[in-house]
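# Tertiary structure, described
In case you want the letters, here they are:
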Amino acid sequence: MAESHQEVVKVWIAPGCIVCDACETDSPKVFDVQEETCIIRPEAQSADFTKPLTPSIITAAEGCPVDVIKFETIEVEGPEPWAGQEEEATKETTGAGGGGGGGAKGPVIPEGPPEPKWAGLLSTAHTSGSRSGGGPGVHIGQAKAPADAIASAVGRHAPPDAMAAAMVGSGYTRPSLNVAERILEKAGIIADAAKITRRQFSTALAIAWGALAATFATAGAAFQSFLVPKVTKEPPSVFRAGKIGDYAETGVYEQFKASHGVWIIHEPNGEIVALSDICTHLGCIPNWLPSDKKFKCPCHGSGFYMSGVNFEGPAPRPLERFKIAIEGEYIVVDKSVKFRKELGQWTLAGASITV
Ligand code: SF4
Ligand code: FES
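Please read these numbers as outputs of a predicted model, since none were measured by experiment. (Residues numbered from 1 in each chain as written. Chains lettered and ligands numbered in written order. Predicted model: local features only at pLDDT ≥ 70, side-chain atom pairs only at ≥ 80, totals over all residues.)

## Regarding the overall build of the protein
The secondary structure content of the protein amounts to ten helices and 17 strands. Considering the protein as a whole, with its 355 residues, one finds that 23% of them fall into the buried category. (Helix = DSSP H or I, 4+ residues; strand = E, 2+ residues; numbered from the N terminus. Buried ≥ 20, exposed ≤ 12 C-beta atoms within 10 Å, placed from the backbone.)

What follows is the structure, given as structure tokens:
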């Protein structure tokens with residue numbers, strides 16, 4: 001039987017993303033984790049783009065803790081084009097040396113003896129006699145390098161918890177400094193924080209008081225700013241959207257999307273309408289995909305026809321239209337007046353103009 005494999009042709013995010021960042025780590029070209037949800041990057045809404053990224057998309061979907069990454073695949077004849085690269089990619093995402101991981105994702109938390117990568121560094125360590133912390137602290141020779149070296153061995157971009165785990169797993173704990181020593185070291189006043197004089201202590205105290213005063217001053221300024229009303233720079237709700245002749249061809253005109261959140265649509269039936277760019281699901285901003293002749297919301301995959309009518313995804317109703325009128329040779333849009341198709345308002349005067 002001929003060999004075949006699956007390739008991802010469509011990927012979307014169902015509601016419920018907890019913005020954990022995992023998918024963007026697994027497949028940064030496809031997923032863009034924003035403040036409130038993860039979205040699919042506009043370029044990743046094409047099958048040609050997603051097909052070669054199939055392994056990373058599937059990895060991201062399997063790793064999503066709330067299982068909101070959905071995708072569609074098609075069967076393609078022949079061996080997987082990425083067959084040889086998968087192992088490499090897995091090594092890269094799990095970090096080198098993750099023996100026995102069996103393809104497990106995420107950072108490798110070291111167990112048992114330290115990794116050989118920093119074992120040499122740790123061999124210069126000695127156990128301090130101090131037991132004040134409830135157990136022997138491990139100090140690292142003369143050099144300040146070990147923490148940095150461990151960091152680079154784990155990977156500069158490793159998550160903080162992986163970094164901490166690596167250091168603890170390697171038996172390395174940072175010698176603790178007292179408050180004055182930490183202030184002086186941070187200010188670059190002493191290199192060897194272990195030796196501190198009374199004078200240095202006074203200097204540290206002065207710096208600390210200075211920092212405290214600056215903090216209060218900043219907080220006070222922020223509070224004052226909070227009390228003063230802010231002027232927002234919203235674009236006016238009524239605006240001229242060019243001349244009628246600017247919309248001679250049937251199609252979607254995007255020049256007022258960025259500034260006013262409006263698409264001007266010249267529909268095949270000759271009507272010109274002003275369409276809102278707010279997705280009626282949860283308010284993301286869809287993109288117009290000329291090749292598919294549809295608006296596609298990057299958040300959860302809702303699709304809308306050129307008319308604004310929803311036909312796929314979770315959006316419960318069509319995009320809204322704004323009032324549109326002809327004044328002289330100009331088209332004028334009034335965003336304060338909306339028309340909703342599901343309420344039968346698209347046939348009202350002002351919902352469209354005919355040329
Ligand atoms: S889609 Fe899933 S993996 Fe991606 S950020 Fe949201 S919850 Fe995390
Ligand atoms: S906001 Fe969810 S599909 Fe648009």
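## Let's talk about the environment of threonine 54
Counting through the fold element by element, threonine 54 comes out in helix 3 (residues 54-63). C-alpha separation for the pair threonine 54 and serine 27, spaced 27 residues apart in sequence, amounts to 9.6 Å. For threonine 54, the contacting residues outside a window of four places in its chain are Glu7 and Val8. (Contact = placed C-beta atoms within 7 Å.)

## Here's the deal with the site of ligand 1
In the vicinity of ligand 1 lie 16 residues, with Cys17, Cys20, Cys23, Cys38 and Cys64 positioned nearest. At the level of secondary structure, the elements contributing two or more residues to the shell around ligand 1 comprise helix 1 (22-26) and strand 2 (31-33). In terms of residue class, the shell around ligand 1 is built from 15 nonpolar, no polar and one charged. (Near = placed C-beta within 6 Å. Nonpolar A, V, L, I, M, F, W, Y, C, P; charged D, E, K, R; others polar.)

## A closer look at unusual backbone geometry
With glycine set apart, most residues show a phi of negative sign, and most peptide bonds adopt trans. Phi is positive for aspartate 21, which is not a glycine, with a value near 80°. Take aspartate 21: it is sitting in the loop between strand 1 (4-13) and helix 1. Given 12 C-beta atoms within a 10 Å radius, aspartate 21 is considered exposed. The backbone of aspartate 67 sits at a positive phi, close to 55°, despite the residue not being glycine.

## A short note on the sheet that holds strand 14 (residues 310-312)
Here four strands make up an open sheet; going across it, the order is 11-12-13-14 and the pairing antiparallel. The strands lining the two open edges of the sheet, one partner per strand, are strand 11 (287-289) and strand 14. Bridging between strand 11 and strand 12 (residues 294-296) involves three bridges; their strand directions are antiparallel. Within strand 12, the position partnered with leucine 289 by the bridge is lysine 294. (Pairing = 2+ DSSP bridges.)

## Some thoughts on the environment of glutamate 80
The topology assignment puts glutamate 80 in the loop between strand 4 (69-77) and helix 4 (85-94). Sequence separation of glutamate 80 and proline 55 is 25 residues, and the distance between their C-alpha atoms is 9.9 Å.

## Re the nonpolar core
Ranked by size, the top nonpolar core spans 22 residues in total, and within it Val11, Ile13, Cys23, Val30 and Ile40 carry the most contacts. Elements with a contribution of two residues or more to this core: strand 1, helix 1, strand 3 (38-40) and helix 3. Top contributing element to this core by residue count: strand 1, with four residues. Two domains each put at least three residues into this core: domain 1 (4-94) and domain 3 (238-354). Valine 30 has contacts with Val11, Ile40, Arg41, Ala44, Thr50, Leu53 and Ile57, leaving out every residue within four places of it along the chain. Counting residues in hydrophobic clusters, the runner-up holds 20 residues, among them Ala241, Leu275, Phe322 and Phe339. (Core = buried A, V, L, I, M, F, W, Y, C linked by C-beta atoms within 7 Å. Domains from an automatic or database assignment.)

## Comments concerning the pairing of strand 10 (residues 271-276)
The two faces of the sheet receive side chains in turn, since in a regular strand these alternate between them. The sheet contact formed by strand 9 (residues 262-266) and strand 10 spans five bridges and is antiparallel. Counted as the bridge partner of isoleucine 264 is alanine 274 from strand 10. Adjacent in sequence and paired antiparallel, strand 9 and strand 10 are bridged by four residues, among which glycine 270 carries a positive phi angle near 95°. Of the strand pairs in this sheet, strand 10 and strand 17 (residues 353-354) are connected by two bridges, and their pairing is antiparallel. Each residue of the ladder has a partner; that of glutamate 271, found in strand 17, is threonine 354. Two elements, strand 10 and strand 15 (residues 321-327), share two bridges in a ladder whose sense is antiparallel. Residue pairing in the sheet places alanine 274 in a bridge with phenylalanine 322 of strand 15.

## Brief notes about the confidence of the model for the protein
The predicted model of the protein averages 76 in pLDDT, with 62% of residues at 70 or higher. Below a pLDDT of 50 lies the segment residues 92-115, which in the model reaches 36 contacts outside its immediate sequence neighbourhood of four places, other chains included. Taken as a whole, residues 117-145 scores under 50 in pLDDT and shows 34 contacts with residues more than four places along the chain or in a different chain. (pLDDT = per-residue confidence, 0-100.)

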